[in-house]
Structures are given as C-alpha cells and as structure tokens.
Amino acid sequence: MSIDAIPLTDDTISNFGKFLPAPYIERVEIYDEKVRVFISIFLLTDLNGDTDTTLQYLSDKLYFYIMHARDGSYEAVDTDTEFGLDNADWDSVIDGKMNVLAAYDEATQNAIIEANGFLDLSETDPLVVMVYSAEDSEFFNDTEWTITEDLYDDNGNPIIKAQIEIDYRPEDVLDFTSLDFWNVFAFASIYEYDASDIETMLENPALLDLRVSDVSYERVFKDGELQHKIVSFVDADDLVYSDVPIQSITGPYYKTDNITRDDMVEYFEEFVTGFKEADTYDPDDDALNTMLDSISLVVEEYSESTQFLKEMDLRRAHFTSKDPAEPVGKLYTRFRKRIYTANRALENGTQVKKVLNRNPKIIDMRFDEILSYTPGSAAADDADTYIYSESLVSRAGFYYLGGAPGEITPEYVRNRGYFFFDYEKALRQTAVINEVFDVGRLTSLGINVIPYDAFEITNAEIIRTENEDTDPIDIKISCTFSTDYNYPLTDTATVDNSAGGYDLYCTPSPSATDDTSTLPSDETSYLVLRNFVPNQTDSISSGIPDYRLSCFEYQDFYDADFAIDSPTNAYSVSVTVTDKTIEVAAGLVSYYESVQEFLATYYDSAADELSYNTFGEFNTFFSDGITSAYTSAEEAPWNVVPVIYCIYQDLVYGFYDGDMDKITDAAQKIMDGIDPYAGNFFILDTFKTAFDNFYTDALSPASPIGIQITTHRSSATLYTYSNTEHTYEGEVLWDSSSSETGEDSILWLDESGDEPVDLDDVSGWDVSEEEMRYDISSGFTLESSWVKSGYTYTEIPADYVEFYDQLISSGDHWPDYEDSAHDDYTIAESLNEDLLEIFGGTADGTIAVNAYTSPYLDSDGSTYYKYYIRVDPDAGYIYVDVYSTSAS
C-alpha cells in the first residue's frame, strides 16, 4: 500500500505529531449499547531502522488514551460553574488551550459527571508486548494492537501503522436524540495518568504539555445529531488545510501563513488599547466607548473563528458618525484603515476553498434496532363519505302546445347534473393494501406503485326511488367501465325502468316510442364519467399533487304530472371499485427479496478473505474489480440497497416520519460504511445481518405483514389473490333545484298576468264549408258510447250532460239547438243530428268525415261554452273538449 492511502494533510507535523506520535481516529462506530473507536498511529522510520526495536521502545515509553466526553440526563444546574457539562468547555481542549489531562481532572471534580459517568478515560494496551510461547519457542505479539509494515513514503522510508479498537459501554441508557454533545479524544503520553499524582503534574503545566502528544478528536454528536458531515478547507492541490482559515472581507478564505491568527488578534487589541491611551480619548463619550467595546467583543468571541475579519468589517455599519471631526468618526477612520490593512495581509497568503463532505469516520451501526409493528387497517366503505352530496342538479320542465289555442302544458321533466366520487380518498383509506402498507406513506416516499387497474372503477349507479311510503319503485341508470385502459373510461350506460313505466322513467332512446315522441331529439337518459377542469386555480390538495377526483354526469327524464306530485328529492348513488391492491403489497415484499439477493451477491464477493485486511478495510484489487462490474454508481448495490432499506424501515415502522431528507441522510451513512473504497467489511457484515433480520421480522411469510398478505390468497400453493369489491354509497340531493309542488314548483305556470285566451282567433284554422264537407276520407256509424270530454277523455254518461248554450245554425256553422227540458234529447242524439247536417250522411246515421275535423266554434261571452269536436273514425271516438272564457 502506498503512502496515498494515508489521509495526509500538507502538514507533516499534523500527520505524525510534533514531539510524540499523535494517534489518529480512523472511525467511530455507533451501536445501541456501545461506541467503538478505532485509532491508529503512524511511525515514520528510515530504511535502516529496526521496526521491532522501534516498536518495543515506544511500547515501554508511551501510553495511549481514548477519552469520551458527553452530556446526558441530569437535573438542571448552572453549567457556567460546572466544567464539562457544556460543549464549549471541551473546545478549549480541541483548540489546544487546555491540557487534555487537566480538563479531565477538572471535569471529574464535577459531581454530576462523576455520578452519571459522562466522562471516560481509557488507557489502551501497550503498543506491543512480546511474549514467549513454549509451544513454538518463539516470541509473538500478545496485544490488541495490530501492526502493518507495508506503507512507504515518497522517499521509500517505511511507515509503521499500528491500529487498535476500544469499546466504550456507558452505564446509562443512551438517548442519542437528546445528546447535546459527544466528543471523542485520542492522545499519547509518556506520563501514565494516575489520579493520586495528577495534581502534582498540573503544578507544572508546561512540562505536562511536553509529555502529552497532539490530541485527535471527533465530534460524534451535537444537538442530538450525528456529525456525519464535515466542513473542510483545501488548497489548489486539494490538500486539506488542518488549521482554521480566515475569511476575507470580500469572501474568499485564506490560510494564516502570511499573517497568523495571533498576529491579527494582537493587531486589533493594540488598536483598542492605543486609542484609549491617546490624549483625545474621552471616557465619558458613550458612543465612542460603545464602538470600542464592540471591537473588543469581536476579538473575544471570534478570535478562533473563520469569521473574525468579516465580523470586524460588519461593525463599521454600527458607527453613529463617520465625521473625522468627531471622536467616534476619528475611531471609524482608523478602524477602517486597520481592517483594510489586515485584509491585504491576509489576501497575500494562500487561498483555500470551503468544501462540505460526509465524514466517513462516523459510522452508525444501529441498523438492527428492534421496532414494534402496528398493523394497518383499511377503513370501511361508509356511506356519504366518498360520494359528495354537494353536487349540481339542474331541473327543467318541457312544455308543449296543448289541444286548444294558446294553452301550454308541461309534459316532461329533466333532471340533469353532476356528482363527485373521491377516488383518491377511497384509495388511501379503504384499499386493502392499507392493512399492510399505508398508501399515504407510500406516495410520500415516492413509491407510486399502485396502478389504476389495481383499484379500478367497474360500475356506477344512480337511483330515483318513487312511492317510498307505499310500494317503492327503483328507477335506475347505471354505467360500466372499460378494462382496456389505465384510467376510468365509461363503456356502456344502461336504463332500467322495468319496475315502473315511461311515466316514471323514460327509455334510453325516447324518440323510439310514441309515449316519448315529444322529447327533444337525440336526448336520452344516461350516466357517464366526465373529464372536468376545476374552476379554482389552486390544486385540489396542497399535499397531494394530481389529486384524483371522479366526476359523473347524469340525465333523467320522467313525466311532468308525476314529477310535480313526487315527494322524492334525492338520488341514491353508488360506485363500485374492484380492489386488487393486495397484489401490490405482495409485489413490494417480492421487490425487497430481489434487493436482498442483490446485496447477497455483493456480500459474497466482499466476504472472500482476500478482499479485506485484518481491520476489515477493502483491498484495492477488490474495490477496483467490484466497481467495474456495474455500469454506473446509481446501479451499484452499496448505493441502492441502503436507500431501499431505509425506505422500507419508514414504510413499515414509520422510522423517519416520511421525511425523505432523514431517509437520505440515514442511507448515506450506510453507504459510507459499505462502499468498496471507503467502507469496511465488518460494517457490511453487520448491515447485511440487519437487512436480513428486517425481512424476517417484518416481511417474511411468518411476519405480521406476510401473514396478512397470505390471508388474501385464493390458493394455498399459487401466488394468486382474491379481489375485494368496494361499494361506495351516497345521496345526491336536489338542493340546487326545487322539489316543491304547487306554486313553489319550478313547473308552475303563472298565468296571473296573461291576457285571456282569445277563442275567436281562427288563424291557422280552415273553417270553410268545403273543407268541412268534402274532404272525406272514410265513413263510420256514430255511436253514443263514443262521446268523450276533457283532456283525460273520460267517457260521459249520455243521460246527464246538458247544453246551456245553443249551437249556431248558419250553413257553415252548427244549427241552433235548444234543450228545453233535456228529456226530449240526449247528447248523443243532438250531436248526431248536428254532425249529419254539417258533414252529410244518410238517415240511418252513417257519416263520412275527415280524420281530424277542426270546426270554428263561436263565442258571445262568458255565458257560452265552446266545443272543439274531433271525429276519429280509426279509434272510433268523438272527442269533445269544453272551454269557456270564465273557466279553464
């Protein structure tokens, strides 16, 4: 392995230590019950160096430590006076301002830390211990440290790498979500820590500093978040700058190689001190002292920050005056000059750029957390829940000219409108798949795997029920749907009026029968699914794009007389859906199984003992070989499988609350651990076990989900499943029309303001004698039983109908008729005589007439009745309609 494999910076001291070898934290593994830390040291030797002698010498002289500092659950205290309970306390160790052993000693004096075990200092085994073995009569290494000797620098000098792993098991139960901080430190020392004499060592801190190496650290947790992202700064050669750069006032970051951070801090401290010592300084000038204090605050708060100079520059905006004639203005002029001078010195240094990387050293091994599964449930197909009664109903009456001049008569009523079926709501609440996987969570995770044919509308029906209180009659319009498309499309519409008749419900093709010949041409009764565009500009649902709401249009004709008197004011509506979503649930389980095989293939390749070293690090030939087997990184198992695992964790257990950002972060942590270059075989092994255990616990045939899916199988051996039929019912009220009768009915014809019907108007009537006498089509014998009256054509008994007016006797009109006592004539006899005289005929009563005769009937006022007589020889009736100017 070349030197390139070591995570070097551009600073040799940072890599190998200033005076003593500096331990390097390679990675930190987080488990539910422990934290495992891997540390390494790199020892630079020369070509003639004796490795064994070097190691033995260091083993006798050096002690290696790992320290954990964290917070936890405790009673509230004033952390300002309790060292170690605040993350900022440990920044002094990270910054090198406080000796790590001094910090440990001070923190252990805190009763809360001591009682709760928030601090742990662990000494590792000696670097190497050569033990004699009587079995093979040789010395061998009996230590937890593992030594490698295959690293070399650019000059060919061997680099000794030693690695060890140390577990820390806290006494308390860790709640990682509530940790304010967790820092891990690693260092070496020629002093072996002893609580009994540490106070003596602290009396000479400079000497103790010489006995302790540089301190490596990792921020594992902060604010309850795993610190798997790191901000670093690299130069033009992409070498990491190990110190903290400073940002210039123009934006870029620079190394402190031209002007050090201490120089810059001192530069502004001297500025404040010098201004206060000048003769022009006025201690009572509040504005001046406020700005001086502000500058001093920046020095104190941002001296170790990248924002030191930027914060200084921001203070210029707070000056109340920039006039050099005033003390605060004079301060501003000198302060601005200092900022520009410091900025020029900074920009003469080496520029670096800020990069955000994932920290592969922090590995979350909590893959196999035991979670409880709560079975899902599908809601019932409750009525009035998925079909909305808030719909449109338009009601109209069709009027036609009646049998007399000027009369208007309502013949038919048409109900036409729309109602809505909430397909989306029905799917998300009632589909069988919700018993296993929540549809809402599926879609929030981007798993849009439920095709339309898995939850397919198959039938819809609208019913008008008449005579509910006596003998209910259901008049139905229904429609079925095509199964050839991946969206609902009406196939056929059907009318069922067998329970009633044309007066209750019109036929699908009204013009085909005499009874409905007066309907508008090409009009039918129907029920059909319609495309529609909402009037609103916003989407139907802010949380669900492309919300599926089904709109049905219907049309219903029936007789006007019946409609006016009908108490019915609502339709019963139903929509039927065939549910095959359990097959989708089974498919999701099968998909996990296929990904499981995908992971197993990768694992089997990595499990070869030649693929990784003692520490689980993958060898280069394995890394190069396995990556070349996949055409792109997006198809590689180490990138695909973690995402699927985290998605299914959330799908089954709600582990990430449907938050894709959390899922992505969690998946990335796993990717970093199993990647063939940056990953580790032992992490891969742990993850595969967790992946397989998840299947066993959550998805296998013996799991709750597997059992639930199996209950829907239609065969014990074949993977076929029974369909579920859902029928969603509702009621569509006629709120937008009128169901009232009488004057409140929309069919009421208000004639209160109309002129009386003028019965003398003969326009359009042929009343000539020739028309009445000579257009003869057939003959028949008049019989008394043929006499009819009124629109209903009810038979009139011949012995009670009297004439109170007289018939006109002129040649083209009817002769006078006087009924003196009514016992001399019957209505049939008088009519027979009149008709014989008008239309001609024989003495025995045989008359010849045209099919429909329309004689003009005169009027002399309200005391006269008018008769419209039609003779229909085919039907064998005489129709007599009676009118009056004083009666309808």
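If you're wondering where the values come from, they're calculated on a predicted model, not measured in any experiment.

Novice: What exactly am I supposed to notice about a nonpolar patch on the surface here?
Specialist: Taken together, the side chains of Tyr485, Tyr487 and Leu489 define a hydrophobic patch exposed on the protein surface, amounting to about 280 Å² of accessible area. When you line up the elements, Tyr485 lands in the loop between β20 (473-481) and β21 (490-496). The exposure class assigned to Tyr485 is partly exposed, which follows from its relative accessible area of 39%.

Novice: So what exactly am I meant to see when it comes to the sheet that holds strand β24 (residues 570-579) here?
Specialist: Pairing between sheet strands relies on hydrogen bonds along the backbone, with the strands arranged either parallel or antiparallel. Strand order in the open sheet made by the five strands is β21-β20-β19-β24-β25, with antiparallel pairing throughout. With partners counted over all chains shown, the strands left at the sheet margins are β21 and β25 (724-733), one partner each. Pairwise comparison of adjacent strand axes, ignoring direction, gives a mean angle of 20° for this sheet. Bridge count between strand β19 (residues 455-466) and β20: eight bridges; the pairing is antiparallel. Paired with Glu466 across the strands is Ile473, a residue of β20.

Novice: Please explain the pattern of salt bridges as it appears in this structure.
Specialist: One side chain can pair with another of opposite charge once the charged atoms of both are near each other. For the structure shown, the criterion picks out 19 salt bridges. If you follow the salt bridges from partner to partner, you end up with Lys34, Arg36, Glu165 and Asp167 in one network.

Novice: What is the right way to look at unusual backbone geometry in this model?
Specialist: Among all residues save glycine, negative phi is the norm, and among peptide bonds the norm is trans. The phi dihedral of Asp238 falls on the positive side, at around 60°, and the residue is not glycine. Position of Asp238 relative to the elements: it lies in the loop between β12 (229-234) and β13 (246-247). Residues other than glycine seldom take positive phi values, yet Asp657 does so here, at roughly 60°. Examined against the element boundaries, Asp657 turns out to sit in the loop between α17 (637-653) and α18 (660-674).

Novice: I would appreciate a short explanation of the side chain of Arg464 in the present structure.
Specialist: On the secondary structure map, Arg464 appears in strand β19. The exposure class of Arg464 is buried, given its relative accessible area of 0%. Within the structure, the side chain of Arg464 is placed 2.8 Å from the side chain of Glu466, a separation counted as a polar contact. At a separation of 2.7 Å, a polar atom in the side chain of Arg464 contacts the side chain of Asp556.

Novice: Sorry, what's going on with the sheet that holds strand β3 (residues 63-70) here?
Specialist: Taken together, five strands build an open sheet; the order of strands is β4-β3-β9-β10-β11 and the sheet is antiparallel. A strand with exactly one partner marks an edge of an open sheet, and here the two such strands are β4 (119-123) and β11 (225-226). Across six bridges, the pairing between strand β9 (residues 181-189) and strand β10 (residues 216-222) is antiparallel. Bridge pairing in β10 links Val184 to Glu218. The strands touched by helix α4 (residues 100-108) are β3, β4 and β9; relative to β4, the strand with the most contacts, the crossing angle is about 135°.

Novice: Please explain the confidence of the model for the chain as it appears in this structure.
Specialist: Note that predicted coordinates carrying low pLDDT should not be read in detail. Confidence in the prediction of the chain, expressed as mean pLDDT, is 75, and 70% of residues score 70 or more. Throughout residues 510-517 the model reports pLDDT below 50, and contacts reaching past four residues in sequence, or to other chains, amount to eleven contacts. Ignoring residues within four places in sequence, the model shows residues 838-888, a span with pLDDT below 50, making 142 contacts including any to other chains.

Novice: How should I be thinking about the side chain of Asn110 in this particular structure?
Specialist: Tracing the backbone shows Asn110 in the loop between α4 and α5 (111-116). Apart from the residues lying within four places of it in its own chain, the contact partners of Asn110 are Glu82, Phe83 and Leu85.

Novice: Where do I start with the packing of α17 against helix α19 (residues 681-699) in this structure?
Specialist: Each pair of packed helices can be described by the angle between their axes along with the distance between the axes. Remark: α17 packs on α19, axes separated minimally by 11 Å, with the N-to-C direction vectors making an angle of 30°. Considering the relative orientation of α17 and α19, their crossing is left-handed. On the side of α17, the interface is formed by Val641, Pro642, Tyr645, Tyr648, Gln649, Val652 and Tyr653, while α19 contributes Phe687, Ala690, Phe691, Phe694, Asp697, Ala698 and Leu699. Split into classes, the residues belonging to the contact of α17 with α19 amount to twelve nonpolar, one polar and one charged.

Novice: Explain the pairing of strand β23 (residues 550-559) here, please?
Specialist: Consecutive side chains along a regular strand alternate between the two faces of the sheet. Within β23, ten of the ten residues are buried, leaving the element largely enclosed by the surrounding structure. Direction of pairing for strand β22 (residues 526-530) relative to β23: antiparallel, over a ladder of five bridges. From the neighbouring strand, Val528 faces β23, where its bridge partner is Glu553.

Novice: Can you walk me through the packing of aromatic side chains in this structure?
Specialist: Geometry of an aromatic ring pair is reported as the spacing of the ring centres plus the angle between the planes. Per the stated rule, a full pass over the model turns up 44 aromatic pairs. Pairing Tyr603 with Phe681 gives two aromatic rings, centres 5.6 Å apart and planes at 25°, and the pair type is stacked. With Tyr603 in helix α15 (residues 581-606) and Phe681 in helix α19, the pair connects residues that are 78 residues apart, well separated along the chain. Each of the two residues, Tyr603 as well as Phe681, counts as buried. Taken together through their ring pairs, the aromatic side chains of Tyr267, Phe268, Phe271, Phe275, Phe308, Phe319, Tyr332 and Phe335 make up a single cluster. A cation over a ring is seen here: Arg338 above Tyr267, with NZ or CZ 4.3 Å from the ring centre. The ring of Tyr603 is capped by Lys688, whose NZ or CZ atom sits 5.3 Å from the centre of that ring.

Novice: Would you mind showing me how to read helix α9 (residues 286-302) here?
Specialist: For an α-helix, the turn length of 3.6 residues means that residues three or four places apart are oriented alike. In this model, α9 (17 residues) spans 24 Å end to end at C-alpha, consistent with the 24 Å of a helix rising 1.5 Å per residue. For α9, the full list of buried residues reads Leu288, Asn289, Met291, Leu292, Ser294, Ile295, Val298 and Val299. The secondary structure elements touched by the buried residues of α9 are α8 (261-277), α10 (308-314) and α11 (327-347). Residue Asp285 occupies the N-cap position of α9, its side-chain oxygen lying 3.3 Å from the main-chain nitrogen of Ala287.

Novice: Can you walk me through α11 in this structure?
Specialist: Spanning 21 residues, α11 covers 30 Å between terminal C-alpha atoms, matching the ideal 30 Å at 1.5 Å per step. Taken as a whole, α11 has its buried residues at Val328, Gly329, Leu331, Tyr332, Phe335, Ile339, Ala342, Asn343 and Leu346. Viewed end-on, α11 has its buried residues packed into an arc of 145°, placing them on one side of the element. Residues of α11 that are exposed and point over 90 degrees away from its buried face: Lys337 and Arg344.

Novice: What's the story with the nonpolar core in this structure? I'm lost.
Specialist: One broad rule of soluble globular proteins: the nonpolar side chains tend to lie buried together. In terms of nonpolar packing, the biggest core is built from 95 residues, with Phe421, Phe437, Phe552, Tyr645 and Leu699 touching the most fellow members. A total of twelve residues in this core trace back to one element, the largest contributor, which is α15. Among all residues touching Phe421, those that are not within four sequence positions of it are Tyr386, Ile387, Ala426, Ile457, Leu549, Ser550, Phe552, Val575, Val577 and Tyr728. If you look at the next biggest cluster of nonpolar residues, it comprises 31 residues, including Leu43, Ala162, Ala188 and Val220.

Novice: Which parts of the structure should I look at to understand the packing of α17 against α18?
Specialist: Following both chains from N to C, one finds α17 and α18 inclined at 140°, their axes separated by 8 Å at the closest point. By the angle between their directions, the pair α17 and α18 is classed as oblique. The handedness of the crossing between α17 and α18 is right-handed. Where α17 approaches α18, its residues Trp638, Asn639, Pro642, Val643, Tyr645, Cys646, Ile647 and Asp650 are matched on the opposing element by Ile663, Ala666, Ala667, Ile670, Met671 and Ile674. Each residue belonging to the contact of α17 with α18 can be placed in one class, and the counts come to twelve nonpolar, one polar and one charged.

Rules behind the numbers
- Residues numbered from 1 in each chain as written.
- Predicted model: local features only at pLDDT ≥ 70, side-chain atom pairs only at ≥ 80, totals over all residues.
- Heavy atoms only, no water.
- Patch = residues over 30% accessible without salt bridge, like charges linked within 9 Å, V, L, I, M, F, W, Y side chains within 5 Å.
- Areas by Shrake-Rupley, 256 points an atom, 1.4 Å probe, with all protein chains shown as cover.
- Salt bridge = Lys/Arg side-chain N within 4 Å of Asp/Glu carboxyl O.
- Helix = DSSP H or I, 4+ residues; strand = E, 2+ residues; numbered from the N terminus.
- Buried < 20%, exposed > 50% of the residue type's maximum accessible area, 1.4 Å probe, protein only.
- Pairing = 2+ DSSP bridges.
- Axes fitted to C-alpha atoms, helices over the stretch in contact; angles between N-to-C directions.
- Polar contact = N/O pair within 3.5 Å; in protein donor to acceptor, adjacent residues only side chain to side chain.
- Contact = heavy atoms within 4.5 Å.
- pLDDT = per-residue confidence, 0-100.
- Left-handed = near helix turned anticlockwise from the far one by under 90°.
- Nonpolar A, V, L, I, M, F, W, Y, C, P; charged D, E, K, R; others polar.
- Phe/Tyr/Trp six-rings, centres within 6.5 Å; stacked < 30°, edge-to-face > 60°.
- Lys NZ or Arg CZ within 6 Å of the ring centre and 35° of its normal.
- Expected span 1.5 Å × (residues − 1).
- Arc of directions from axis to C-beta.
- Core = buried A, V, L, I, M, F, W, Y, C linked by side-chain atoms within 4.5 Å.
- Parallel < 35°, antiparallel > 145°, perpendicular 65-115°, else oblique.

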